[in-house]
Amino acid sequence: MQLSSNEQNNFSLERFESMLKTNNVLFFDSDEFEEIVHHYLENGKIALAKKATKLGLEQHPTSTNLKLFQIEMYIFENQLDVADELLDELYLLEQSNEEIYIQKANIFSRRDKHKEAILLLEQALEITDDEADVLSLLGMEYLFLEDYINAKDCFMKCLEEDEEDYSALYNIIYCFEYLDEYEAAIDYLNDFLNKNPYCEVAWHQVGKQYYELKDYKKALAAFDFAIISDDRFIGAYLEKGRVLEKLNQPTEAIESYSLTLGLDDPTSYALLRMGKCYEKLGNAEMALQFYTKCVEEDSLLDKGWIAITDFYIKSKQHQKALYYIEKAINIDAENVSYWKRYAKINNKLNLFEEAEVGYRKALELGNYEIESWLTRGDILINLGEYEAAVNNFNQALEFYPENAEVEYRLSGLYYSLKENDNGAFHLKNALKSEPEFLMIIEELFPIVYQMKKVVEIIKQHKNPSL
């Protein structure tokens, strides 16, 4: 009885793995070795693929395909010089094998020599029987060069070869989007849909283009067609929900999001958006329920923690807001958004030392908003930490030179520290740019505001002829 191709491959794999266990060397023809190596590579079993290639070459030292597998693994392990040398040897023997050009191009690509890779792939294209694969590789090289026009052209040719090559379709649309050619993308997709009217991926992409153009009604229709084409297409339901939110239809959006929960494991995105919709409808209990489910489903999704924290901030339940933002920080202490909220909540609760820590952490993590510098500095002033406040505001001036709100504060601080020359310098700077902000000194430093030297500078500014 003759074995089918799959049965033969399984039989070869079983024999090979049995050989590895027993250390008995069995003979396989080169085609069997190629199938075995291919199987292991496809399943990410690199160590077994290497072993099969080594044994294969011991039994079939002239096999070009096994040598190419060996080269592919050297490239994967970034042993580019070794792979390059072996390819040069192969090239001398077989100049008409497109795989040699492809692997050589792969090495150039790894070395960021994308133009050289393109030249080799163009040579491979002239001799290959599988143009779609080479065109796809060419498209990727053009993407690396940010040449979106040529990349788009290559992927379009791929799609002409195989209309079910959805990765090519996604790449085409990516190129259109990068070029801000949303209407051209819609035209292209409509032409494609004329030939493939039930392609859910194409309808989905049409909807996304209309969404970018803010034509939400047409986007909604496109996502509906995507769902008609495949009623288990989760992405279409999610995008439809997003459009319905934009159309201010939160109830219908909830329905669309909820359908995804029955099709697969719930996504944190759907749970978050349902919480937002319930919040918009004024249903606080359901909003909280879905925000909680969201962070339970994906504790790394910062938008979930932010949503539940902001919910409690809006309802002035600052103690509960603090509880959730502290949980978020325990999971990701490098998140700027978390520290900003931590600082603001503690400030509201009059926990000034904790608030100062929050603003300091936010600033250290790159949140250089003027509001953060000012609030942190004011907290330090209230805590009597004048030297630290001076350092804070001097750093702020590096990002916001001659900012009057900072200059007034520095002036008040320097006068308080009896550094009158620095106080006068910053006061004059501040008066020059924003005299109406003089109340800052009056409010934060009432004693300084009444100092004779300060009064004279203010008077001189108001009446320069004196």
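Residue numbering note: each chain is counted from 1, following its sequence as written. For a predicted model such as this one, the threshold for reporting local features is a pLDDT of at least 70, and the threshold for listing and counting side-chain atom pairs is 80 or more; totals across whole chains, interfaces and linings nevertheless cover every residue. Side-chain numbers here rest on the full set of heavy atoms in the structure, without hydrogens or water.

- The protein chain carries the name Tetratricopeptide repeat protein in an unreviewed UniProt entry, which gives Aequorivita sublithincola as its organism.

A few points about unusual backbone geometry
Turning to step 1, where the next piece is worked out: The phi torsion at Glu146 lies on the positive side, around 60°, for a residue other than glycine.
Turning to step 2, where the next piece is worked out: Even without being glycine, Asn350 reaches a positive phi, approximately 60°.
Turning to step 3, where the next piece is worked out: Its place among the elements puts Asn350 in the loop between helix H20 (336-348) and helix H21 (352-364). In this description a helix means any DSSP run of H or I spanning at least four residues, a strand means any run of E spanning at least two, and both kinds are numbered starting from the N terminus.

Some thoughts on the packing of aromatic side chains
Turning to step 1, where the next piece is worked out: Note on aromatic contacts: the rings of Phe and Tyr and the six-membered ring of Trp form a pair at centre separations within 6.5 Å, being stacked when their planes are under 30 degrees apart, edge-to-face when over 60 apart, and tilted otherwise. Scanning the model with the defined rule gives 16 aromatic pairs in all.
Turning to step 2, where the next piece is worked out: The interplanar angle of 10° and the centroid separation of 5.7 Å between the aromatic rings of Tyr312 and Tyr324 together place this pair among those described as stacked. Placement of the pair is Tyr312 in helix H18 (residues 302-314) and Tyr324 in helix H19 (residues 318-331), with a sequence separation of 12 residues.
Turning to step 3, where the next piece is worked out: Three labels apply to residues, based on accessible area from a 1.4 Å probe with only protein chains included: buried if under 20% of the type maximum, exposed if over 50%, partly exposed otherwise in between. With a relative accessible area of 17%, Tyr324 lands in the buried category.
Turning to step 4, where the next piece is worked out: Ring pairs connect the aromatic residues Tyr291, Phe311, Tyr312, Tyr323 and Tyr324, which therefore count as one cluster.
Turning to step 5, where the next piece is worked out: By definition, being over a ring means that NZ of Lys or CZ of Arg is both within 6 Å of the ring centre and within 35 degrees of the ring normal. One residue, Arg242, lies across the ring of Tyr211, its end atom 4.1 Å from the ring centre.
Turning to step 6, where the next piece is worked out: The lysine or arginine in question, Lys293, covers the ring of Phe290, its NZ or CZ lying 4.8 Å from the ring centre.

Here we look at the layout of surface pockets
The rolling of a water-molecule-sized probe over the atoms marks out the regions of remaining empty space.
Turning to step 1, where the next piece is worked out: Volume-wise, the largest pocket comes out at about 200 Å³.
Turning to step 2, where the next piece is worked out: Residues are said to line a cavity or pocket when one of their atoms sits within 4 Å of a point; the points come from a 1 Å grid over protein atoms alone, cavities being sets where a 1.4 Å probe fits but cannot get out and pockets being open sets with protein on both sides within 12 Å along at least five of seven lines. For the largest pocket, the full set of lining residues is Glu99, Ile102, Gln103, Ala105, Asn106, Ser109, Leu121, Leu137, Met140, Glu141 and Phe144.
Turning to step 3, where the next piece is worked out: Secondary-structure elements contributing two or more residues to the lining of the largest pocket are helix H6 (98-110) and helix H8 (131-144).
Turning to step 4, where the next piece is worked out: When residues in the lining of the largest pocket are grouped by element, the largest group, six residues, is from H6.
Turning to step 5, where the next piece is worked out: Nonpolar residues are Ala, Val, Leu, Ile, Met, Phe, Trp, Tyr, Cys and Pro. Charged residues are Asp, Glu, Lys and Arg, and all others, Gly as well, are polar. In terms of residue class, the lining of the largest pocket is built from six nonpolar, three polar and two charged. Grid points are joined across faces, edges and corners, and a volume is the space filled by probe spheres set on the points.

Some details on the environment of Ser167
Turning to step 1, where the next piece is worked out: Looking at the secondary structure, you find Ser167 in helix H10 (residues 166-178).
Turning to step 2, where the next piece is worked out: Under the relative-accessibility criterion, Ser167 is labelled partly exposed at 46%.
Turning to step 3, where the next piece is worked out: Between N or O atoms, a polar contact is any pair within 3.5 Å; within protein, one atom must be a potential hydrogen donor and the other a potential acceptor, and residues adjacent in sequence are included only when both atoms are from side chains. At 2.8 Å, the side chain of Ser167 and the side chain of Asp165 are in polar contact.

Considering the nonpolar core
One broad trend across soluble globular proteins is that nonpolar side chains are buried collectively.
Turning to step 1, where the next piece is worked out: Leu169 and Ile172 are the most contacted members of the largest nonpolar core, which has 86 residues in total.
Turning to step 2, where the next piece is worked out: The contact criterion used is simple: two residues touch if any of their non-hydrogen atoms lie within 4.5 Å. Excluding residues that lie within four positions of it along the chain, Leu169 makes contacts with Leu159, Tyr188, Leu189, Phe192, Val201 and Ala202.
Turning to step 3, where the next piece is worked out: Definition used in this section: a nonpolar core is a set of buried Ala, Val, Leu, Ile, Met, Phe, Trp, Tyr and Cys residues joined via side-chain atoms within 4.5 Å. The next biggest cluster of nonpolar side chains, apart from the first, holds 29 residues, and it includes Ile381, Leu413, Phe445 and Ile458.

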